[in-house]
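Coordinate analysis (summary)
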Amino acid sequence: MVILVMSLESSDTQSPSTSRDWSYPSPASSRDWFFPSPLGIHHSRTLPNRRSFAAKPRAPRRTPSSASSYSYSPSPSSFQPPPRYPRYAGTRRRFEFDPRTADDRHGASRAASVDKCDVVSAEKREAVSLPRKAHAAFGGRQLKVRWQMAFSVAILVTTFSCLLHKNFSLHKQVIDLQDHISKINVRLRACNLVDSVNIIDFTQPEADHLPNKSLKVSSLIISLTILSIPFIFFKYVDYVSKSRRLSDNITEELSLNKQLAYRVDVFLSVNPYAKPLALLVATLLLICLGGLALFGVTDDNFVDCLWLSWTYVADSGGHTSSEGLGPRLVSVSISFGGMLVFAMMLGLVSDAISEKFDSLRKGRSEVVEQNHTLILGWSDKLGSLLNQLAIANESLGGGIIVVMAERDKEEMELDIAKMEFDFRGTSVICRGGSPLILADLKKVSVSKARAIIVLAEDGNADQSDARALRTVLSLTGVKEGLRGHIVVELSDLDNEVLVKLVGGDLVETVVAHDVIGRLMIQCARQPGLAQIWEDILGFENCEFYIKRWPQLDGMHFEDVLISFPDAIPCGVKAASYGGKIILNPDDSYVLQEGDEVLVIAEDDDSYSPSTLPMVTEAPLMHIARPARKPQKILLCGWRRDIDDMIVVLDAFLAPGSELWMFNDVPEKEREKKLIDGGLDINRLVNISIVNREGNAVIRRHLESLPLESFHSILILADESVEDLAIKADSRSLATLLLIRDIQAKRLPYKEARVSQGLRGIAQGSWIGEMQQASDISVIISEILDPRTKNLLSMSKISDYVLSNELVSMALAMVAEDRQINDVLEELFAEEGNEMHIRQADLYLRDGEELSFYEILLRARQRREIVIGYRQTKAEKAVINPPCKNEKRRWSLKDVFIVIAEKE
């Protein structure tokens, strides 16, 4: 121990010139040799020739036993030849320098060089004389060999540079350790602790902690090899593809690299998690390769290197603390790869967020709702339908309506916002999709909807009904089943049977054209009935409701009529008849267990039965029902279901009635179209058809008709323009104004003066003349656009039927309660009960004071149910009036709205 300390002290006193141990290999002229340095590090130094060695003294070689002791003898006699190292055993030789034979040797060398030049020249000439064919044959092979050699040289140069850098790094560490040991020795001497410190034991752990050099070199080689594998693979694939094309002479075959690119493309397209998976693999590979490279250029263990690699990947500025050329190169490379990885990650996250927002914006997300109303399709009736459903849901605090159509979600929401309806707490959710695709139906929770409404498309009736039929097939194919019923709007009555056959008990159909046609006929016979139907079909006023009341079991229907102060009973749903709805039953009908009562009320929770009121028994009114008189009706325009309207008119009108048909369809084609529609003109009993050809918007064509002699004029939305609501309404409005103007011009002057005096209309007013003409005949216009309704309401020159709005009301009512569809079908049918407007003289005398209950009981003598009234000066009728037991004075000019059997 003392010897080692003394040797360390002597090493501190040595001059820098003596801190190197020079060993001399065999002399040679101007060659580079490697010399061993302390701790086995070799230094390269250029040696002079032998003569210079003889003139200078040689420093003695440092013994391996002492790392810090040096010996030096300046005397020339002490020169000893350097020991022979096994490493340089094959290269060292002893040269005897003889000046006398130098010239001879120089001459011999010149002769040898001359002979060698001759041989080389001969070889060059022989090489030049080789055939060019052989050189071309080996050209490709030489190119491949050169490429492989260049690649191998690049790998070797890279490996050698890393090893060289590692060598310098280790040498620097040794110098730092030596300086550290020197400082410690100085402190030990100052503390007189030299004898108690074992320097060998102190330095030994440092030597033990030095990393394994071979393991670190292996890690560098492995990392470089892994990095070079993709380049070698792509070059190999390209080489194989070219060799296949050249060997097979097939130019149309796809190359191997294109096939691999296609496979990768398919994998990324089919697998939804392909991109995140590829990014994860790239990140892990970068961390592992970076850890291996750091392990090769630093002294840390492999686990710490992996953690360092991850920090470089996650933070591009984490490599600033690296020291040394090798660690900095590796850390910068890892940080650059980390920037690429995080750039791809940000791109994936950004794409995922954008795609999610796009799916939400375009309505691709799933609707998670229950007991909602689902509307499939888009048409002009949607606005009125949404408004009616919102009014129906108001008593429940609002509801959920889901609309799915083959349109963009943003466009649908914008169109709905333009309607400016008060949805009264109801939320409208729009989704884009096709009702023919089960996946889209599941997206809107079709199996959990309480009602599904299928709207008819605008356009061809047959195509619209065919699409509705396919939609019903898709709905019946839902595996989970349907909780609610399906309401289908059809355009043609002939397709109703097929849709009901496919849908079965789940389907309720509303044929829009048939409903409007029948309403027009009823309103033509009874002016003012259109407003009554608007009040009953819509949810704004009173509508039909069916509910069971056990406390009414065993009561006669006559007593049930006056049991509801806030509702008017109209029929019974008889359990004994399989749930059939009996409208306007006999007074003797007794309610049984399970029977439900059909009423007209303001809301489903606004009425309930009470105790029977005291009502004076009404005296019998012996007034005969007036006989039906023949009528003269004009149809302007042509509808595709005009044959069905003719059949209904023949059932409603009295014998001897005339039906004039005025349109631009040639008379020869009319009969053919009617026969194709299933109408046999010879079987008509009550009416006779008169055909006139002309255009309803040309005045001279209309003037050829006896317009002042018709009891009712029906202006139809012509088949040629019914798909365009605004154009059809413009045509109908023009026809209406022309007819009213012609009628006003044909009125006698006296009759016009009397009418003006009664109405208080200013003389010469064109609208006043048209109002006078409206007393002669009733004009029913089929209006498709709700905006046209306001114009006709202000002018008061026509009774009207708002086609789309009434159909929407009917659809909403059937969607809320499918049983109401049976009630509407009976009220619109040729047989059974219908809505009537009766004069007051059938139920009371002039100036008589009666309560509504007393009038209700008097109407029961005629087997009728009074549901409302309209007084003389009132503009609208009152349906389900309040205070039914309160008496009031009536006038004979008042009218009552009743439900009675068809006359």
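None of the values given here were measured: they were computed from a predicted structure.

1. Some remarks on the environment of Gly678
- Its location among the elements puts Gly678 in the loop between α21 (667-676) and β15 (687-693).
- Along the chain, Gly678 and Asp644 lie 34 residues apart, while their C-alpha atoms are 8.6 Å from each other.

2. What to know about empty space enclosed by the protein
- This structure, assessed with the given rule, holds seven cavities of 30 Å³ or more.
- Looking at the largest cavity, its volume works out to about 320 Å³.
- The wall of the largest cavity is formed by 22 residues, among which Lys381, Asp458, His513, Glu722 and Asn804 lie closest to the centre.
- Breaking the lining of the largest cavity down by element, the ones donating at least two residues are α17 (512-525) and α27 (803-816).
- In the lining of the largest cavity, the residues fall into seven nonpolar, five polar and 10 charged.
- What the second largest cavity holds in volume is close to 90 Å³.
- Lining the second largest cavity are 15 residues; nearest its centre among them are Cys636, Gly637, Ala696, Asp718 and Arg731.
- Elements that contribute at least two residues to the lining of the second largest cavity include exactly β14 (657-663) and α23 (725-746).
- At four residues, α23 tops the list of elements feeding residues into the lining of the second largest cavity.

3. A few points about the side chain of Asp603
- Looking at the secondary structure, you find Asp603 in the loop between β12 (596-601) and β13 (632-636).
- Here Asp603 occupies a buried position and makes no salt bridge, while the nearest side chain of opposite charge, Lys547, is found at 8.2 Å.
- Discounting chain neighbours no more than four positions away, the residues touching Asp603 are Ser395, Glu543 and Tyr545.

4. A closer look at the pairing of strand β4 (residues 400-405)
- Here β4 lies mainly inside the structure; five of its six residues are buried.
- Here strand β3 (residues 373-376) runs beside β4; their pairing, made up of four bridges, is parallel. Within β4, the residue paired with Leu376 across the bridge is Met404.
- Once you follow β3 into helix α12 (residues 382-393) and on to β4, the crossover reads as right-handed.
- Summarising the sheet, β4 and strand β5 (residues 427-432) pair through six bridges and their orientation is parallel. When the sheet's bridge partners are listed, Val402 is paired in β5 with Ile429.

Cut-offs and rules
All residue numbers refer to position in the chain's written sequence, counted from 1. With the structure being a predicted model, the display of local features is reserved for residues of pLDDT at least 70 and the display and counting of side-chain atom pairs for 80 or more, all residues being used for whole-chain, interface and lining totals. To get the side-chain values, all heavy atoms of the structure are used, and hydrogens and water are removed first. The secondary structure listing takes helices from DSSP runs of H or I that are at least 4 residues long and strands from runs of E that are at least 2 residues long, numbered from the N terminus. Using a grid of 1 Å spacing that covers the protein atoms alone, one calls a set of points a cavity when a 1.4 Å probe fits there but cannot get out, and a pocket when the set is open and has protein on both sides within 12 Å along at least five of seven lines; lining residues are those with an atom within 4 Å of a point. Grid points are joined across faces, edges and corners, and a volume is the space filled by probe spheres set on the points. Polar here means any residue other than Ala, Val, Leu, Ile, Met, Phe, Trp, Tyr, Cys and Pro, which are nonpolar, and Asp, Glu, Lys and Arg, which are charged; Gly is therefore polar. Relative accessibility decides the category of a residue: with a 1.4 Å probe and only protein chains considered, values under 20% of the type maximum give buried, values over 50% give exposed, and everything between is partly exposed. When charges are tallied, Lys and Arg are placed among the positive residues and Asp and Glu among the negative ones, while His and the ends of the chain are skipped. Salt-bridge detection follows one rule: a side-chain nitrogen of Lys or Arg within 4 Å of a carboxyl oxygen of Asp or Glu. Throughout, a contact is declared for two residues whenever any of their heavy atoms are within 4.5 Å. The rule for pairing is simple: two strands pair if DSSP sees at least two bridges between them. Looking down the strands as they point away from you, a crossover is right-handed if its path from the first strand over the helix to the second goes clockwise.

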